[in-house]
Structure formats: C-alpha cells, structure tokens
Amino acid sequence: MRLKCHFKTFDGKSVDPVDVKLTIYNSKKEQIEQIPLSDTNKENVGVYFYNYVPASELNEFIFEFAGSYNSKPILSRGRVEVKFN
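Remember, predicted model here, so these are calculated numbers, not experimental data.

**Student:** How should the packing of aromatic side chains be read in this particular structure?
**Tutor:** Describing an aromatic ring pair means giving the distance of the ring centres and the angle of the ring planes. Going through the model one piece at a time under the given rule, you end up with three aromatic pairs. The interplanar angle of 70 degrees and the centroid separation of 5.8 Å between the aromatic rings of Phe-7 and Tyr-48 together place this pair among those described as edge-to-face. Here Tyr-48 lies in strand 5 (residues 47-51) and Phe-7 lies in the loop between strand 1 (2-6) and strand 2 (18-26), a separation of 41 residues in the sequence. We classify Phe-7 as buried; its relative accessible area is 1%. Using a relative accessible area of 4% as the deciding quantity, one classes Tyr-48 as buried. The ring centre of Phe-49 lies 3.9 Å from the NZ or CZ of Arg-2, which sits over that ring.

In structure tokens:
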C-alpha cells in the first residue's frame, strides 16, 4: 500500500520540509510506529511516499506525514480502511 502526501504552503507552493517522518496510529489514535523518511521517499518537491504493509490485525489506521518548514511544524494526515476482497 503506497501512502503519499504533498506538502504545500497556504498559497499552494510546494515545499520540502526537514526531518520528515511517517507516523502510523491505530483507530484509537495510539501510535504504532514511526518511520524517518529520506530523499529516497521523495518523488518531487514536497511530494513524499512510503510503501507500507499494515499489520494483519489492523482493519483501519491513521497515517501522518510530518516535518518542519521555516522552523514551524507542517503535517498531513489520512485514514485508511483495510479491506480484503
């Protein structure tokens, strides 16, 4: 499963934060794991991704890409429901 985010300023300009991390939470908002990201996880200016394999016991999880830009926090969150066909 490919998780992806695009960091932008309020006026829509793509930006590259520093110290980017991906944090995974369960549906109770408890942190499961935190993964530091590097340029190998960067597709373009401000666009980061991670190929994540959720644990089999998760039927839903929340992901958060976070970093720092201009000494201020910047983040993007999403929720994924794991469905099996």
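**Student:** Which parts of the structure should I look at to understand the sheet that holds strand 6 (residues 60-69)?
**Tutor:** Within a beta sheet, neighbouring strands are joined by backbone hydrogen bonds and run either parallel or antiparallel to one another. Pairing in this open sheet of four strands is antiparallel, and the strands run 3-2-6-7 from one edge to the other. The two strands at the open ends of the sheet, each matched to only one other strand, are strand 3 (31-36) and strand 7 (72-81). Geometrically, the sheet is characterised by an average inter-axis angle of 20 degrees between neighbouring strands, direction not taken into account. Both strand 2 and strand 6 contribute to a ladder of seven bridges, which runs antiparallel. Counterpart to Leu-22 in the pairing with strand 6 is Phe-65.

**Student:** Would you take a moment to explain the pattern of salt bridges for this structure?
**Tutor:** Working definition: two side chains of opposite charge can pair if their charged atoms are close together. Within the structure shown, the criterion is met by six salt bridges. A salt bridge links Arg-2 to Glu-43; the nearest nitrogen and oxygen atoms lie 2.7 Å apart. Placement of Arg-2 in strand 1 and of Glu-43 in strand 4 (residues 42-44) is noted, with a sequence separation of 41 residues between them. Judged by relative accessible area, which is 44%, Arg-2 ranks as partly exposed. Via salt bridges that share partners, Arg-2, Lys-4 and Glu-43 belong to a single interconnected network.

About the thresholds
Residues numbered from 1 in each chain as written. Predicted model: local features only at pLDDT ≥ 70, side-chain atom pairs only at ≥ 80, totals over all residues. Heavy atoms only, no water. Phe/Tyr/Trp six-rings, centres within 6.5 Å; stacked < 30°, edge-to-face > 60°. Helix = DSSP H or I, 4+ residues; strand = E, 2+ residues; numbered from the N terminus. Buried < 20%, exposed > 50% of the residue type's maximum accessible area, 1.4 Å probe, protein only. Lys NZ or Arg CZ within 6 Å of the ring centre and 35° of its normal. Pairing = 2+ DSSP bridges. Axes fitted to C-alpha atoms, helices over the stretch in contact; angles between N-to-C directions. Salt bridge = Lys/Arg side-chain N within 4 Å of Asp/Glu carboxyl O.

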